[in-house]
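Residues per chain are reported as follows:
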Amino acid sequence: MGSLRCLPPLAAHSHVRVRIDLAYDGADFSGWALQPGQRTVEGELSRVLGHVLRLPEPVRLTVAGRTDSGVHARGQVAHADPPVEAWTVHGPAALRRLARALPPDIRVRAIATAPEGFDARFSALWRRYAYRICDDPANADPLRRHDTLWNPRPLDLAAMNEAATLLLGEHDFAAFCRRREGATTVRALRSLDWRRDADGVAVGRVIADAFCHNMVRALVGALLPVGAGSRPPSWPSEVLMTAVRDSAVQVVPAHGLCLEEVRYPDPDQLSARAALTRRVRTAAD
């Protein structure tokens, strides 16, 4: 029997995890996720990043929040796992090269080696979205028409906030989500409130551990009739308790919605947070 040939050990880390912070105007994108024949944020960024790092194919990306068609982002976060050699050689100039190569409706704000255990999706503690509504013709700004919904009737924000308070906590938000096979609709809604900015525009701020498909836009759609006075403040919570989509709840247009921030724990808690998030939750008793 011949002697065994010693093989060189495999490299312990052939790839490196990179965190990418970015913003985009969602108006001309068919959402974040790759779709054949469609222009998407993921498609553009993965292609250009692959080019910047001199890789033979686009870079695979994992994102914190898969925004829908037309939704904007100021605080989106993604990660990629390029080969160590490519990152070592081309990473230092990646931010500058991305600024030159990306289309003007996407901007990478930071790109750097991620802490150990970082996962853009599963390590996140929460996501914060904002929805903008102008309900006063005197304040309508045509330069903000791509990120602000025009509402023809004045809104009572106090009534909307009263209704929003009844939705807070961990619930099954099936009544406000588009169901996906094998996915839970249980979410922990941490904050939902409405305020007027310096221009008098109504801005809804919503924070949750995560959001299911169409959830924010459906929540806003349930609160608008309350603000207009056609529904009582108790109505959105009554819809929530049914756990069934109500045709009376209109999903508002995408262009008023923006992902503003994704918050992560301290570096030493990233792995634990990711492991916890991966567990499929059920509604609290």
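For the structure, see preceding data.
Report on the accompanying structure. (Residues numbered from 1 in each chain as written. Predicted model: local features only at pLDDT ≥ 70, side-chain atom pairs only at ≥ 80, totals over all residues. Heavy atoms only, no water.)

Let's shift gears to unusual backbone geometry. Across the chain, the bulk of peptide bonds are trans and the bulk of non-glycine residues have phi less than zero. The phi dihedral of Arg54 is positive, around 60°, even though this residue is not glycine. Mapped onto the elements, Arg54 comes out in the loop between α1 (41–52) and β2 (61–63). The backbone phi angle of Ala243 is positive, close to 60°, even though this residue is not glycine. In this structure, Ala243 sits in the loop between α6 (235–242) and β10 (257–263). (Helix = DSSP H or I, 4+ residues; strand = E, 2+ residues; numbered from the N terminus.)

Looking at where Asp135 falls in the secondary structure, it is placed in the loop between β5 (126–134) and β6 (149–150). A distance of 2.8 Å separates a polar side-chain atom of Asp135 from the backbone nitrogen of Leu155. A distance of 2.9 Å separates a polar atom in the side chain of Asp135 from a polar atom in the side chain of Arg196. Once residues within four sequence positions are removed from consideration, Asp135 is found in contact with Trp150, Asn151, Arg153, Pro154, Leu155, Arg196 and Gly200. (Polar contact = N/O pair within 3.5 Å; in protein donor to acceptor, adjacent residues only side chain to side chain. Contact = heavy atoms within 4.5 Å.)

Aromatic rings in a pair are described by how distant their centres are and how their planes are angled relative to each other. One pass over the full model with this rule turns up three aromatic pairs. For the ring pair Tyr24 and Trp32, a centre distance of 6.5 Å and an interplane angle of 35° mean the geometry is tilted. On the basis of relative accessibility, which here comes to 5%, the residue Tyr24 falls in the buried class. Between Phe118 and Tyr264, the aromatic rings sit 5.0 Å apart at their centres with planes inclined by 55°, giving tilted as the arrangement. Here Phe118, found in the loop between β4 (106–113) and β5, pairs with Tyr264, found in the loop between β10 and α7 (270–277); they are 146 residues apart in sequence, far enough to count as distant. (Phe/Tyr/Trp six-rings, centres within 6.5 Å; stacked < 30°, edge-to-face > 60°. Buried < 20%, exposed > 50% of the residue type's maximum accessible area, 1.4 Å probe, protein only.)

To find leftover empty space, one rolls a probe the size of a water molecule over the atoms. Within this model, the largest pocket holds a volume of roughly 1400 Å³. For the largest pocket, the lining is made up of 48 residues, of which Arg66, Arg121, Arg180, Arg187 and Phe211 are closest to its centre. Listing elements by their share of the lining of the largest pocket, those giving two or more residues are β2, β5, β8 (186–196), α5 (215–228) and α7. Considered class by class, the residues forming the lining of the largest pocket number 19 nonpolar, 13 polar and 16 charged. Taken as a whole, the second largest pocket holds about 250 Å³ of empty space. Around the second largest pocket, the lining comprises 16 residues; the ones closest to its centre are His72, Arg74, Arg144, Asp147 and Cys258. Of all the elements in the fold, those that place two or more residues in the lining of the second largest pocket are β1 (18–24), β3 (72–80), β5 and β10. (1 Å grid on protein atoms, 1.4 Å probe; cavity = no way out; pocket = protein on both sides within 12 Å on 5 of 7 lines; lining within 4 Å. Points joined across faces, edges and corners; volume = space filled by probe spheres on them. Nonpolar A, V, L, I, M, F, W, Y, C, P; charged D, E, K, R; others polar.)

Ranked by size, the top nonpolar core spans 77 residues in total, and within it Ile20, Leu22, Trp32 and Phe176 carry the most contacts. Of the residues forming this core, the biggest block, nine residues, is contributed by α5. (Core = buried A, V, L, I, M, F, W, Y, C linked by side-chain atoms within 4.5 Å.)

Next up on the list: the side chain of Glu44. In this structure, Glu44 sits in helix α1. When sequence neighbours within four positions are dropped, the list of residues in contact with Glu44 reads Phe29, Arg39, Leu102, Pro103 and Ile106.

Let us look at α6. Buried residues of α6: Trp235, Pro236, Ser237, Val239 and Leu240, and no others. Of the surrounding secondary structure, the elements contacted by the buried residues of α6 are α4 (157–165), β7 (169–172) and α5. Ala243 occupies a position one or two residues after α6 and carries a positive phi of about 60°.

What follows deals with the pattern of salt bridges. Overall, the coordinates contain 17 salt bridges when judged by the stated rule. We note a salt bridge from Asp119 to Arg17, for which the minimum N-O separation is 3.9 Å. Of the two residues, Asp119 is situated in the loop between β4 and β5 and Arg17 in the segment before β1; the sequence distance between them amounts to 102 residues. Residue Asp119 is classed as buried on the basis of its relative accessible area of 7%. Since its relative accessible area comes to 28%, Arg17 is described here as partly exposed. (Salt bridge = Lys/Arg side-chain N within 4 Å of Asp/Glu carboxyl O.)

Right, let's talk about the state of the cysteines for a bit. Scanning the model with the defined rule gives one disulfide in all. Disulfide pairing is shown between Cys177 and Cys212; the S-S distance is 1.8 Å. Taken together, the positions of Cys177 in the loop between β7 and β8 and Cys212 in the loop between β9 (202–208) and α5 put the pair 35 residues apart, joining distant regions of the chain. The exposure class of Cys177 is buried, given its relative accessible area of 1%. With a relative accessible area of 11%, Cys212 lands in the buried category. Cys134 takes part in no disulfide bond, and the closest cysteine sulfur, belonging to Cys258, lies 17 Å away. (Disulfide = S-S within 2.5 Å.)

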